[in-house]
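# Structural features, examined
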Amino acid sequence: MSFKEYIDSNKERFLNELFDLIRIPSVSAVSEHNNDTRNAAKFLFNQFKSLGMDNCEICETKGHPIVYAEKIIDKKLPTVLVYGHYDVQPVDPIELWDTEPFEPTIKKTDIHPEGAIFARGSCDDKGQMFMHLKAVEVLNNNGGLTCNMKFMIEGEEEIGSDNLETFVKENKDKLDCDIIIVSDTGMINKTTPSITVGLRGLAYLEVELTGPNRDLHSGHYGGSVANPINSLAKMIASLHDENHKVTIPGFYDNVIEYTNEQRKKDGEIPFDIDEFKDSLHIKDVLGEKDYTTVERRSIRPCLDVNGIWGGYTEEGSKTVIPSKAYAKISMRLVSNQDWKNISSLFSDHMKKITPNGMEIKINEHHGGQPYLTSTDSKAYTAASKAYFEVFGKEPFAVKDGGSIPIIAQFEKELGVKTILMGFGLDSDAIHSPNEHFGLSNFFNGIETITNFYKFYK
Ligand code: BES
Ligand code: MN
Ligand code: MN
């Protein structure tokens, strides 16, 4: 039987198993869900057992557990480590979901006429991670594994992977491998595959600006004292110049500049700017001068406010000058920016531009380093061939705007590169209401991953 035939004759069961995993609301950010994250880990543990994996383990951490499993068939053969995450983002705003976020529902869309699975985690990352478990099943039933396999699935990716970082540092022997494979990114469109060779890093901070010692009557005091919301808005506005460059001194110091040749090559990756604008209902794009939209969201760093609050925001009006204003600000970074360095440049600069008489406090949330790899490896070639068999096209090598901070950490601690074989689409709405994952993306993904092992020997 071919891999495809095996997959085709087991589709229904594969989906039902994935649905059981999706039904567990393993939201890592919300402690009320701590039992659910544990149950998702147990579910995976049982799956690995039934796949015949050895040394299946639920590894405790200070936070949510890590699930580990392995199958060593021959020490002389190469070892592949699969990484993924079973935790998901919170579902809010829940009122914008058309179906229950944790009850997977198959619906047709324009992009997925064959149907897509609507549910939180369907794409990021339960659906994508689960493809790797099913690939093992396909191999088990079609000649067996061809290399050693290790799985490490964590429950804290969406909250920064802090405990996984410690786990990796403390378990270097256990995690020893030749290559890491991850499906937690996207492809260009349904019929155009890509392998992600770059991820952006992240520096995420929270700012608290304090003016007067208490909220003030805005008539008594208005016009005579600085308002922290006005001031914070001005400070934030000054973080970009007229060319939409970030104004923090030193921000661009270590940014890789690509040659015109490389930029031209990357420019051949299919991208339709009108479709991009239409899909977001925007009339125009905005970003750093002299770079294309694709470049702005992949090879260039950026700074964005993720949330801003203070003063009176409830119903009706209240005439008040607030004592405090807050903002959450994140910066996406590229090689070779260092997130700790960028965080401190940000803090120093914000302190410097704080108006006289105001007090600023800055808290670091989390961060991660950017990742970059080349297409010049045995594993990349194997992945490329695997895609070609399923999609009839060679995948494009793309740099992605998102972040998976642990990937750079793997390289640093284990000295191992990662191949990012993503099957999600931009339109899958990960982190948003109505997240979904195309059925054909799921089944093609399983087949592509299985093929990888045929070529990686
Ligand atoms: N799977 C995403 C990252 C991703 C998505 C990369 C699409 C490339 C394309 C991951 O789960 C994620 O959401 N990462 C966070 C980082 C984290 C520290 C919270 C992100 O990018 O915001
Ligand atoms: Mn993810
Ligand atoms: Mn995510």
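What this report covers is the structure whose coordinates are included nearby.

Definitions and limits used
- Residues numbered from 1 in each chain as written.
- Chains lettered and ligands numbered in written order.
- Predicted model: local features only at pLDDT ≥ 70, side-chain atom pairs only at ≥ 80, totals over all residues.
- Heavy atoms only, no water.
- Helix = DSSP H or I, 4+ residues; strand = E, 2+ residues; numbered from the N terminus.
- Rg over C-alpha atoms; globule rule 2.2 N^0.38 Å.
- Buried < 20%, exposed > 50% of the residue type's maximum accessible area, 1.4 Å probe, protein only.
- Contact = heavy atoms within 4.5 Å.
- Areas by Shrake-Rupley, 256 points an atom, 1.4 Å probe, with all protein chains shown as cover.
- Lys, Arg positive; Asp, Glu negative; His and termini not counted.
- Charge placed at Lys NZ, Arg CZ, Asp CG, Glu CD.
- Axes fitted to C-alpha atoms, helices over the stretch in contact; angles between N-to-C directions.
- Parallel < 35°, antiparallel > 145°, perpendicular 65-115°, else oblique.
- Left-handed = near helix turned anticlockwise from the far one by under 90°.
- Nonpolar A, V, L, I, M, F, W, Y, C, P; charged D, E, K, R; others polar.
- Pairing = 2+ DSSP bridges.
- Near = heavy atom within 4 Å.
- Polar contact = N/O pair within 3.5 Å; in protein donor to acceptor, adjacent residues only side chain to side chain.
- Domains from an automatic or database assignment.
- Donors = N, O, S within 2.8 Å, 3.2 Å for Na, K, Ca; no water.
- Tetrahedral: all angles 85-135°; square planar, octahedral: opposite > 155°, others 65-115°.
- Salt bridge = Lys/Arg side-chain N within 4 Å of Asp/Glu carboxyl O.

Let us now look at the overall build of the protein chain. Helix and strand content of the protein chain: 13 helices and 18 strands. Rg of the C-alpha trace for the protein chain: 24 Å, near the compact-globule value of 23 Å for 457 residues, within the 12% margin. If one aligns the C-alpha atoms of the protein chain with their principal axes, the spans along those axes are about 80 × 50 × 45 Å. Counting only residues that meet the buried cut, the protein chain has 53% of its 457 residues in that class. For the protein chain, contacts bridging at least 24 residues in sequence account for 79% of all contacts bridging at least 6. Carbon and sulfur atoms make up 47% of the accessible area of the protein chain, which amounts to about 21,000 Å² in all. Charge centroids of the protein chain, computed over 50 positive and 69 negative side chains, lie 3 Å from each other.

What follows deals with the packing of helix H5 (residues 162–170) against helix H12 (residues 406–414). Here H5 crosses H12 at 20°, and the two axes come no closer than 10 Å. With respect to H12, the axis of H5 lies roughly parallel. Both H5 and H12 take part in a crossing whose hand is right-handed. Here Leu-164, Glu-165, Val-168 and Lys-169 of H5 lie close against H12, whose contacting residues are Ile-406, Gln-409, Phe-410, Glu-413 and Leu-414. Here the residues of the contact of H5 with H12 are counted per class, giving 5 nonpolar, 1 polar and 3 charged.

So, about the sheet that holds strand E4 (residues 105–107). Ordered by their spatial adjacency, 3 strands build an open sheet running E4-E5-E18, and the pairing between neighbours is antiparallel. For this open sheet the edge positions go to E4 and strand E18 (436–438), each flanked by a neighbour on one side alone. Along the sheet, successive strands turn relative to each other by an average axial angle of 30°, direction set aside. In this sheet, strand E5 (residues 116–118) lies alongside E4 in antiparallel orientation, the contact comprising 3 bridges. For Thr-105, the partnering residue across the bridge sits in E5 and is Phe-118. Of the strands in this sheet, E4, E5 and E18 are in contact with helix H13 (residues 439–455), which crosses E18 at around 60°.

Taken together, 16 residues are adjacent to ligand 1, and Glu-157, Asp-184, Arg-332, Ser-403 and His-431 come closest. A distance of 3.1 Å is found between an oxygen atom of ligand 1 and a side-chain nitrogen or oxygen belonging to Asp-124. Burial of ligand 1 by the surrounding chains reaches 87%, relative to a free accessible area of 520 Å². Summarising the domain contributions, the shell around ligand 1 has at least three residues from each of domain 1 (3–199 + 370–455) and domain 2 (201–263 + 299–368).

This brings us to the coordination of the manganese ion (ligand 2). Between any two of four tetrahedral donors, the ideal angle at the metal is 109.5 degrees; between two of six octahedral donors, it is 90 or 180 degrees. Those protein atoms acting as donors to the manganese ion (ligand 2) are His-85 (NE2), Asp-124 (OD), Asp-184 (OD) and Asp-184 (OD), and they sit at 2.0 to 2.4 Å. One can describe the site at the manganese ion (ligand 2) as irregular: its 6 donor atoms subtend angles covering 56 to 165° at the metal. In the primary structure, the donors to the manganese ion (ligand 2) are separated according to the pattern H-x38-D-x59-D.

The next thing to look at is unusual backbone geometry. Backbone geometry follows two general trends: most residues other than glycine have a negative phi, and most peptide bonds adopt the trans configuration. In this chain, Asp-124 is followed by Asp-125 through a cis amide linkage whose omega measures 0°. Of note, the bond from Ser-335 into Asn-336 is cis; its omega dihedral lies within 30 degrees of zero at 0°. Along the polypeptide, Asn-336 turns up in the loop between strand E13 (324–333) and helix H10 (339–352). If you check the backbone angles, His-431 has positive phi at about 70° while not being a glycine.

We now examine the pattern of salt bridges. Across all of its chains, the model carries 27 salt bridges by this definition. Ionic pairing is found between Glu-17 and Lys-134, a salt bridge with its closest N-O pair at 2.5 Å. Of this pair, Glu-17 sits in helix H2 (residues 11–22) while Lys-134 sits in helix H4 (residues 126–140); the two residues are 117 residues apart in sequence, bridging distant segments of the chain. Taking the relative accessible area as the measure of exposure, Glu-17 reaches 17% and is therefore buried. Since its relative accessible area comes to 1%, Lys-134 is described here as buried. Counted as one network, the salt bridges with shared partners bring together Arg-13, Glu-17, Lys-134 and Glu-137.

Turning our eyes to something else, we now look at the coordination of the manganese ion (ligand 3). The protein atoms donating to the manganese ion (ligand 3) are Asp-124 (OD), Glu-158 (OE), Glu-158 (OE) and His-431 (NE2), with metal-donor distances spanning 2.1 to 2.5 Å. For the manganese ion (ligand 3), the 6 donor atoms are set out with angles of 56 to 155° between them, so the coordination reads as irregular. If you list the donors of the manganese ion (ligand 3) from N- to C-terminus, the spacing comes out as D-x33-E-x272-H. Between the manganese ion (ligand 3) and the manganese ion (ligand 2) the interatomic distance amounts to 3.6 Å, and Asp-124 serves as a bridging ligand to the pair. Taken as a pair, Asp-124 in the loop between E5 and H4 and His-431 in the loop between strand E17 (418–420) and E18 lie far apart in primary sequence, 307 residues in all. By relative accessible area, His-431 is classed as partly exposed at 37%.

The next thing to look at is the side chain of Glu-208. Inspection of the secondary structure puts Glu-208 in strand E9 (residues 201–210). Classification of Glu-208 as buried rests on a relative accessible area of 18%. With residues up to four places along the chain from it excluded, the contact list for Glu-208 reads Lys-324, Ala-325, Tyr-326, Glu-359, Ile-360 and Lys-361.

Attention now goes to the pairing of strand E6 (residues 148–154). When you tally the buried positions in E6, you get 7 out of 7 residues, the bulk of the element. Of the two faces of E6, the one carrying Asn-148, Lys-150, Met-152 and Glu-154 and the one carrying Met-149, Phe-151 and Ile-153 are both buried. As paired strands, strand E2 (residues 66–71) and E6 are joined by 5 bridges and run antiparallel to one another. By the bridge assignment for E6, Lys-71 is matched with Met-149.

Geometry only, nothing functional implied.
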